Amino acid sequence: MDSGGEMVKDCIFCKIVKGDIPSDKVYEDEKILVFHDIEPEAPVHVLVIPKTHISSLNDVQEDNSEVISYIFEKIPEIANKLGVDKSGYRIVSNCGEDAMQTVEHIHFHLLAKRSLKWPPG
Ligand code: 5GP
Ligand code: ZN
C-alpha cells in the first residue's frame, strides 16, 4: 500500500510534482501543489494535491494525515486567490471505481464559477 511514500514511479501527479510533466500552477509550497485540471468541468477547476504520494482517501491514516488537514487549512486561501470564496465552490475527492477515480494520487477537485448540480451524476 502506498500510504505515505515520497514519490511513485509512473504516477502522473508525482511526475507533475517533480516537474517531469508540465502543469499550469496556481499555488505551490513545500507540502502541496495546486494546478489547473487539464479537462476542466467548470470555469474554475483546479486540483489540490499533496506532494507526497497517497493513493486515495482509503490510504489516509494517522501517519500521513497532516498534509490532508494542511490542504483543508489552505483551501480558503486558494479559493480567495482564485476569486471564488464569495461566490462558492465545491471540493470533491473521487475514491475508487464507483466514484470514477482515474488518477491514483489523492487529489481534491475545486470546482467553481458555475451553478453546480446536486446530487452529482
Ligand atoms: P479523478 O478522475 O481521478 O477524480 O481526477 C483526475 C483528474 O486529473 C481529471 O479531472 C483529469 O482531467 C486530470 N488530469 C489527468 N491527467 C492530467 C494531467 O496530466 N494534467 C492535469 N493538469 N490534469 C490531469
Ligand atoms: Zn503520486
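Everything here concerns the structure above.
Residues numbered from 1 in each chain as written. Chains lettered and ligands numbered in written order. Predicted model: local features only at pLDDT ≥ 70, side-chain atom pairs only at ≥ 80, totals over all residues. Heavy atoms only, no water.

Trainee: A description of the site of ligand 1 should follow, citing residues and the corresponding values.
Mentor: Neighbouring ligand 1 are 16 residues, the closest being Asp-37, Asn-94, Thr-102, His-107 and His-109. At a separation of 3.0 Å, an oxygen atom of ligand 1 approaches a polar backbone atom of Val-103. Relative to its unbound accessible area of 520 Å², ligand 1 is 84% covered by the protein chains. Using a 2 Å cut-off from the grid points, one finds that ligand 1 occupies the largest pocket. Those elements giving two or more residues to the shell around ligand 1 turn out to be helix H1 (12–18) and strand S2 (32–36). No other element matches H1, which puts 3 residues into the shell around ligand 1. In terms of residue class, the shell around ligand 1 is made up of 8 nonpolar, 6 polar and 2 charged. (Near = heavy atom within 4 Å. Polar contact = N/O pair within 3.5 Å; in protein donor to acceptor, adjacent residues only side chain to side chain. Areas by Shrake-Rupley, 256 points an atom, 1.4 Å probe, with all protein chains shown as cover. 1 Å grid on protein atoms, 1.4 Å probe; cavity = no way out; pocket = protein on both sides within 12 Å on 5 of 7 lines; lining within 4 Å. Sits in = over half its atoms within 2 Å of the grid points. Helix = DSSP H or I, 4+ residues; strand = E, 2+ residues; numbered from the N terminus. Nonpolar A, V, L, I, M, F, W, Y, C, P; charged D, E, K, R; others polar.)

Trainee: Any chance you could break down the pairing of S2 for me, citing the residues and the numbers?
Mentor: In terms of burial, S2 is largely enclosed, as 4 of its 5 residues are buried. Bridge count between strand S1 (residues 25–28) and S2: 3 bridges; the pairing is antiparallel. Paired with Tyr-27 across the strands is Val-34, a residue of S2. If you look at the hairpin formed by S1 and S2, you'll find 3 residues sitting between the two strands. (Buried < 20%, exposed > 50% of the residue type's maximum accessible area, 1.4 Å probe, protein only. Pairing = 2+ DSSP bridges.)

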